[in-house]
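The lines below spell out each chain.
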Amino acid sequence: MKKAIKNSIVMVAIIAAMVTNANATATLIVGKEKKTMLALDDVKQGQQLLIKDINGIILYKETINATGTYNNLFDLTELPNGDYFFELNKDVEINVIPFKVVESRIEFNKSLESKVFKPILRMQDNRLFVSKFSLNNAPLSLEIHYANNEATHKDFELIYSENIDSTSQIFERVYKLMKGNTGDYKVVIKTDGREFTQTVKMI
């Protein structure tokens, strides 16, 4: 039990470090010839860049092909009037860069940039550790689904769910699972208008 508590504290420390280092890294420069320059610092190969509309529909998707600094020109003036978002999907966080299209004009307010932190999952023996950082103490719902090793098509069965009306900035739980139930555990967390799904294995 002491080891489990120690590991939980380490996870909280990792999340706190991520938040401490969560500095703005995006620059959006609106040019005069219908081109908008997006510059991102500290990107990594394999991360994904998306453009979404206000309904979450993906309009553009790109996989970052080089680690370092990302620069690219976009013609956003043909988009209908409305609110849109660049999203840089990183390992443990999503950088959200909103912009607005008004009569073929691009408006960008750097102060509206935000970060959404993904859940962190870890399995130790028969204990499932779940941590999630929220900048606005958002409520969340959590589901745990299970598929045993004998399942041919990974038919997951819901085995636990809970709703949390409000949380502190760091949500953390330790779920004790049946020791004999080896296999895959899928965790679905809904919060901040998003759904996160991750799978871990008990061996």
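Structure shown above.
The present account deals with the structure reproduced in this document. (Residues numbered from 1 in each chain as written. Predicted model: local features only at pLDDT ≥ 70, side-chain atom pairs only at ≥ 80, totals over all residues. Heavy atoms only, no water.)

Some words on the overall build of the protein
Reasoning step 1: Of the regular secondary structure elements, the protein holds one helix and 16 strands.
Reasoning step 2: Residues classed as buried in the protein amount to 40% of the 203 residues present.
Reasoning step 3: Expressed as a percentage of contacts within the protein between residues at least 6 apart in sequence, the contacts between residues at least 24 apart total 56%. (Helix = DSSP H or I, 4+ residues; strand = E, 2+ residues; numbered from the N terminus. Buried < 20%, exposed > 50% of the residue type's maximum accessible area, 1.4 Å probe, protein only. Contact = heavy atoms within 4.5 Å.)

Some remarks on the sheet that holds strand 12 (residues 140-148)
Reasoning step 1: An order of 13-12-15-16 is seen for the four strands of this open sheet, with the pairing classed as antiparallel. A strand with exactly one partner marks an edge of an open sheet, and here the two such strands are strand 13 (157-164) and strand 16 (194-202). Taking the axes of each pair of neighbouring strands and ignoring which way they run, one obtains an average angle of 15 degrees across the sheet.
Reasoning step 2: Two strands pair when backbone bridges link them, and strand 15 (residues 183-191) and strand 16 are joined in this way by nine bridges, in the antiparallel orientation. (Pairing = 2+ DSSP bridges. Axes fitted to C-alpha atoms, helices over the stretch in contact; angles between N-to-C directions.)

Looking at the sheet that holds strand 11 (residues 127-133)
Reasoning step 1: Spatially, 10-11-14 is the arrangement adopted by the three strands of the open sheet, whose pairing is antiparallel. With one partner strand each, in any of the chains shown, strand 10 (120-124) and strand 14 (170-176) form the two edges of the open sheet. The sheet shows a mean angle of 15 degrees between the axes of neighbouring strands, taken without regard to direction.
Reasoning step 2: Both strand 11 and strand 14 contribute to a ladder of seven bridges, which runs antiparallel. The partner of Arg127 across the bridge, within strand 14, is Lys176.

Some details on the pattern of salt bridges
Reasoning step 1: Scanning the model with the defined rule gives nine salt bridges in all.
Reasoning step 2: Its salt-bridge partner being Lys52, residue Glu87 comes within 3.2 Å of it at the nearest N-O pair. Of this pair, Glu87 sits in strand 6 (residues 82-89) while Lys52 sits in strand 3 (residues 48-53); the two residues are 35 residues apart in sequence, bridging distant segments of the chain.
Reasoning step 3: Put simply, Glu113 and Lys110 hold a salt bridge, and the shortest N to O gap is 3.1 Å.
Reasoning step 4: Judged by its relative accessible area of 41%, Lys110 is partly exposed.
Reasoning step 5: What emerges from the salt-bridge pattern is a single network uniting Lys52, Glu87 and Arg194. (Salt bridge = Lys/Arg side-chain N within 4 Å of Asp/Glu carboxyl O.)

Quick notes on the packing of aromatic side chains
Reasoning step 1: Counting across every chain of the model gives seven aromatic pairs.
Reasoning step 2: Ring centres 5.4 Å apart and planes at 90 degrees place the aromatic pair Tyr60 and Phe74 in the edge-to-face group. Placement of the pair is Tyr60 in strand 4 (residues 58-63) and Phe74 in strand 5 (residues 68-74), with a sequence separation of 14 residues.
Reasoning step 3: What makes Phe74 buried here is its relative accessible area of 7%. (Phe/Tyr/Trp six-rings, centres within 6.5 Å; stacked < 30°, edge-to-face > 60°.)

What to know about the layout of surface pockets
Reasoning step 1: In this structure, the largest pocket encloses a volume near 360 Å³.
Reasoning step 2: Forming the boundary of the largest pocket are 21 residues, of which Val96, Ser114, Val116, Asp192 and Arg194 lie nearest the centre.
Reasoning step 3: Elements that contribute at least two residues to the lining of the largest pocket include exactly strand 3, strand 6, strand 7 (93-102), strand 9 (114-117) and strand 11.
Reasoning step 4: A per-element tally of the lining of the largest pocket places strand 9 first, with four residues.
Reasoning step 5: Per-class residue counts for the lining of the largest pocket are nine nonpolar, five polar and seven charged. (1 Å grid on protein atoms, 1.4 Å probe; cavity = no way out; pocket = protein on both sides within 12 Å on 5 of 7 lines; lining within 4 Å. Points joined across faces, edges and corners; volume = space filled by probe spheres on them. Nonpolar A, V, L, I, M, F, W, Y, C, P; charged D, E, K, R; others polar.)

Comments concerning the side chain of Lys115
Reasoning step 1: Relative to the assigned elements, Lys115 resides in strand 9.
Reasoning step 2: With a relative accessible area of 15%, Lys115 lands in the buried category.
Reasoning step 3: A distance of 3.0 Å separates the side chain of Lys115 from the side chain of Glu93, its partner in a polar contact.
Reasoning step 4: Side-chain polar atoms of Lys115 contact the side chain of Asn95, separated by 3.1 Å. (Polar contact = N/O pair within 3.5 Å; in protein donor to acceptor, adjacent residues only side chain to side chain.)

Describing unusual backbone geometry
Reasoning step 1: Although it is not a glycine, Glu103 sits at a positive phi angle of roughly 50 degrees.
Reasoning step 2: When you line up the elements, Glu103 lands in the loop between strand 7 and strand 8 (105-107).
Reasoning step 3: By relative accessible area, Glu103 is classed as exposed at 61%.
Reasoning step 4: In this model, Ser104 sits at a positive phi of 65 degrees, which is unusual for a non-glycine residue.

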